[in-house]
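These are the residues of each chain, in order.
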Amino acid sequence: MKSQNLLILTTNPRLYACTQLEAAITEATHSCRYSDPYSVTNQELAWADVVINRNTGLNYNDDDLEKLAILDRQKIINPLTCSRILRDKFEQWLLFKEVLGLSQLIETYSLKQAPIYASKQNKWIIKTTRGQQAKGVYPSTDIINDRKKLIDKGDLNYIIQPYIELKSEWRVLLFKGISSKKVEKLIIRKLPKNSQNDFHILNFASSSCEIIQEDKTPQQVLSIAHTVAESLDFYFISIDILEEQVGGFRLIEVNGCPGMAHSDELLLTSKYQMTMAQLFTMKVINN
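Residues numbered from 1 in each chain as written. Predicted model: local features only at pLDDT ≥ 70, side-chain atom pairs only at ≥ 80, totals over all residues. Heavy atoms only, no water.

A. Summary view of the pattern of salt bridges. Evaluation of the coordinates by the stated rule reveals 17 salt bridges. K120 is the salt-bridge partner of E107, the closest N and O atoms lying 3.7 Å from each other. Taken as a pair, E107 in the loop between α5 (89-96) and β5 (109-110) and K120 in the loop between β5 and β6 (124-128) lie far apart in primary sequence, 13 residues in all. Taking relative accessible area as the criterion, E107 reaches 34% and is therefore assigned partly exposed. (Salt bridge = Lys/Arg side-chain N within 4 Å of Asp/Glu carboxyl O. Helix = DSSP H or I, 4+ residues; strand = E, 2+ residues; numbered from the N terminus. Buried < 20%, exposed > 50% of the residue type's maximum accessible area, 1.4 Å probe, protein only.)

Structure follows, in structure tokens:
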């Protein structure tokens, strides 16, 4: 494939994922530049063959996406409609409940909604509407009071979900080649290190992880991932799926800007022996 110009949009080029992407892009003999997503110029966007937007989290608004509206959908990872939905976990719930069965979802409530759900069970999870890597995730056994505390502080950027006893979590990373549109998967299973915890919130630090081959992956996981993929216009996403103690599988969330550091720990010691950024460049950019 001919050399391409890649523009990474980020407010912090020193982040691990950004430095790894830069290294992988230049190793693949492409050109790489950084720009702030809120001050990127039309000239920079015109220079780029591919734009990688690494902005996410509560600290950012969506004004950066407005600047990208001039771009062809094939020029940005991920296209705008996909990015808007994936940045907000409540918007995700509204979308995916239309395409997945309710038994394949974790029911999700906005903090702004009246807590008519509170009597359904005792354990709950409170999450920020944005963010990743299990940051801003809190367990609750008194959802009425915990919800009130957040509202009294004027902080409405949360969703509420019932806590579900889990056996494991599955992460399905999907890479779609910009040229070929071929979709490839990397599947990671996370098991809780401490099975005695009252609440399992499985970030990578609290999990033991392994890469699972597709033919060893439960069909329910693959089915949910396929439905999600069919619902989004994407090039690179990660899909998190909870495996219940009682045997069911439920979509937790979809991330359009997944972190790379912990995945690299697995990839570098596996048959892949490459970083997530190298895999991303090979499967998405070069494919």
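B. Just the sheet that holds strand β1 (residues 5-9), in detail. Read across the sheet, four strands follow the order β2-β1-β3-β4 without closing on themselves; strand pairing throughout is parallel. Taken across any chain shown, the strands that pair with only one partner, and hence form the sheet edges, are β2 (31-35) and β4 (76-77). Here strand β3 (residues 50-53) pairs with β4 via two bridges, running parallel. Within β4, the position partnered with V51 by the bridge is I76. (Pairing = 2+ DSSP bridges.)

C. Expanded view of the packing of aromatic side chains. Per the counting criterion, the structure on display carries six aromatic pairs. Note on Y109 and W124: the rings are 6.4 Å apart at their centroids and 65 degrees apart in plane angle, and the pair reads as edge-to-face. A residue pair is termed long-range when its members are at least 10 positions apart, and Y109 in strand β5 and W124 in strand β6 qualify at 15 residues. Assessed through its relative accessible area of 9%, Y109 is described here as buried. Through a chain of ring-to-ring contacts, the aromatic side chains of Y109, Y117 and W124 assemble into a single cluster. Residue placement shows R33 over the ring face of W47; its charged tip is 4.0 Å from the ring centre. Directly above the aromatic system of Y272 lies the positively charged group of K271, at a separation of 5.5 Å from the ring centroid. (Phe/Tyr/Trp six-rings, centres within 6.5 Å; stacked < 30°, edge-to-face > 60°. Lys NZ or Arg CZ within 6 Å of the ring centre and 35° of its normal.)

D. Region of the structure containing the sheet that holds strand β12 (residues 236-244). Spatially, β11-β10-β9-β12-β13 is the arrangement adopted by the five strands of the open sheet, whose pairing is antiparallel. Each edge of the open sheet is held by one strand with a lone partner, namely β11 (207-212) and β13 (249-255). Averaged over all neighbouring strand pairs, the angle between strand axes comes to 25 degrees, with direction disregarded. The pairing of strand β10 (residues 183-192) with β11 spans six bridges and is antiparallel. What sits directly across from K190, in β11, is C209. Relative to β13, helix α7 (residues 219-231) is tilted by about 40 degrees, and along the sheet it contacts β9 (166-176), β10, β12 and β13. (Axes fitted to C-alpha atoms, helices over the stretch in contact; angles between N-to-C directions. Contact = heavy atoms within 4.5 Å.)

E. Expanded view of unusual backbone geometry. Here I77 and N78 are connected by a cis peptide whose omega angle stands at -5 degrees. Not every positive phi belongs to a glycine, and T29 is a case in point at roughly 65 degrees. Here T29 shows up in the loop between α1 (16-27) and β2. Here the phi dihedral of K181 falls at roughly 65 degrees; this positive angle occurs in a residue that is not glycine.

F. Representation of the side chain of K127. By secondary structure assignment, the location of K127 is in strand β6. Residue class for K127 comes out buried when judged on its relative accessible area of 9%. A polar contact is formed between the side chain of K127 and the side chain of Q161, at a distance of 3.1 Å. Ignoring any residue separated from it by four or fewer positions in sequence, one finds K127 in contact with K89, G136, V137, N157, Y158, I159, Q161, I252 and E253. (Polar contact = N/O pair within 3.5 Å; in protein donor to acceptor, adjacent residues only side chain to side chain.)

G. Geometry of the nonpolar core. Ranked by size, the top nonpolar core spans 28 residues in total, and within it I52, I77, F175 and F280 carry the most contacts. At the level of elements, β1, α1, β3, β9, β10, α8 (261-267) and α9 (276-285) are the ones that each hand at least two residues to this core. The leading source of residues in this core is α9, at six residues. Setting aside residues no more than four positions away along its own chain, F280 makes contact with L21, I52, I77, F175, F236 and I285. L174, V221, I224 and L232 belong to the second-largest nonpolar core, a separate cluster that totals 26 residues. (Core = buried A, V, L, I, M, F, W, Y, C linked by side-chain atoms within 4.5 Å.)

H. Geometry of the pairing of strand β8 (residues 158-162). In terms of residue burial, β8 counts as a mostly covered element, since five of its five residues are buried. Alternating positions in β8 separate into two faces, Y158, I160 and P162 on one and I159 and Q161 on the other, with burial throughout. Relative to β8, β6 runs antiparallel, the two sharing five bridges. Looking across to β8, one finds that I125 is bridged to Q161.

I. Expanded view of empty space enclosed by the protein. By the definition in use, this model includes three cavities of 30 Å³ or more. Here the largest cavity defines a volume of roughly 210 Å³. Lining the largest cavity are 20 residues, and of these T56, R87, N255, G256 and C257 sit closest to its centre. A per-class count over the lining of the largest cavity returns five nonpolar, 11 polar and four charged. If you go around the second largest cavity, the residues you meet are K89, Q92, W93, F96, L105, I106, T108, I159, Q161, L251, I252 and E253. Contributions of two or more residues to the lining of the second largest cavity are made by α5, β8 and β13. Looking at the lining of the second largest cavity, the element that brings in the most residues is α5, giving four residues. Looking at side-chain class alone, the lining of the second largest cavity contains seven nonpolar, three polar and two charged residues. (1 Å grid on protein atoms, 1.4 Å probe; cavity = no way out; pocket = protein on both sides within 12 Å on 5 of 7 lines; lining within 4 Å. Points joined across faces, edges and corners; volume = space filled by probe spheres on them. Nonpolar A, V, L, I, M, F, W, Y, C, P; charged D, E, K, R; others polar.)

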